[in-house]
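Reading the structure
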Amino acid sequence: QVQLVESGGGLVQAGGSLRLSCTASGSFFRINDMGWYRQAPGKQRELVARITSRDITTYQDSVKGRFTISRDNAKNTVYLQMNSLKPEDTAVYYCNGEMQTTSWAPNSVRWGQGTQVTVSS
């Protein structure tokens, strides 16, 4: 059973920083693209940042220059460093991975359980 487990959420004041981590466990051949999404109350889940297996990154416009996504393939982990946090960043953050169970298998999308980030003004 492949699992993605997030950690690092919490309560922080505006202007502060948090670092989220997401580690994949279980049996799989490879993790391709990975990403962080967030969902605020009453809103749809939205992409925050993505990173490919070749470390090409993309960001939502509202977090550019403040958030940094990175990955450590040896640890099967993706990170999201969040600086200069704003109250509007408050949401449940989910990690996402496109994973192959074998070299010939198609991508299978997996989601973590989510971690709450709350930014107070």
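Up top you'll find the structure we're talking about.
Residues numbered from 1 in each chain as written. Predicted model: local features only at pLDDT ≥ 70, side-chain atom pairs only at ≥ 80, totals over all residues. Heavy atoms only, no water.

Secondary structure summary: the chain contains zero helices and 11 strands in total. Helices and strands in the chain line up, N terminus first, as β-β-β-β-β-β-β-β-β-β-β. A globule of 121 residues ought to have a C-alpha radius of gyration of about 14 Å, and the chain, at 14 Å, matches this closely. Principal axes of the C-alpha set define a box for the chain whose edges measure 50 × 25 × 25 Å. Residues counted as buried form 40% of the 121 residues belonging to the chain. For the chain, contacts bridging at least 24 residues in sequence account for 56% of all contacts bridging at least 6. Across the chain, the centroid of the 13 positively charged side chains sits 2 Å from that of the 9 negatively charged ones. (Helix = DSSP H or I, 4+ residues; strand = E, 2+ residues; numbered from the N terminus. Rg over C-alpha atoms; globule rule 2.2 N^0.38 Å. Buried < 20%, exposed > 50% of the residue type's maximum accessible area, 1.4 Å probe, protein only. Contact = heavy atoms within 4.5 Å. Lys, Arg positive; Asp, Glu negative; His and termini not counted. Charge placed at Lys NZ, Arg CZ, Asp CG, Glu CD.)

With respect to topology, four strands assemble into an open sheet ordered β1-β3-β8-β7, the strand pairing being antiparallel. Bordering the open sheet on either side are β1 (3–7) and β7 (67–72), each of which pairs with just one other strand. Neighbour to neighbour, the strand axes of the sheet diverge by 15° on average, direction disregarded. The sheet contact formed by β7 and strand β8 (residues 77–82) spans six bridges and is antiparallel. Residue pairing across strands places T68 opposite Q81, the latter belonging to β8. (Pairing = 2+ DSSP bridges. Axes fitted to C-alpha atoms, helices over the stretch in contact; angles between N-to-C directions.)

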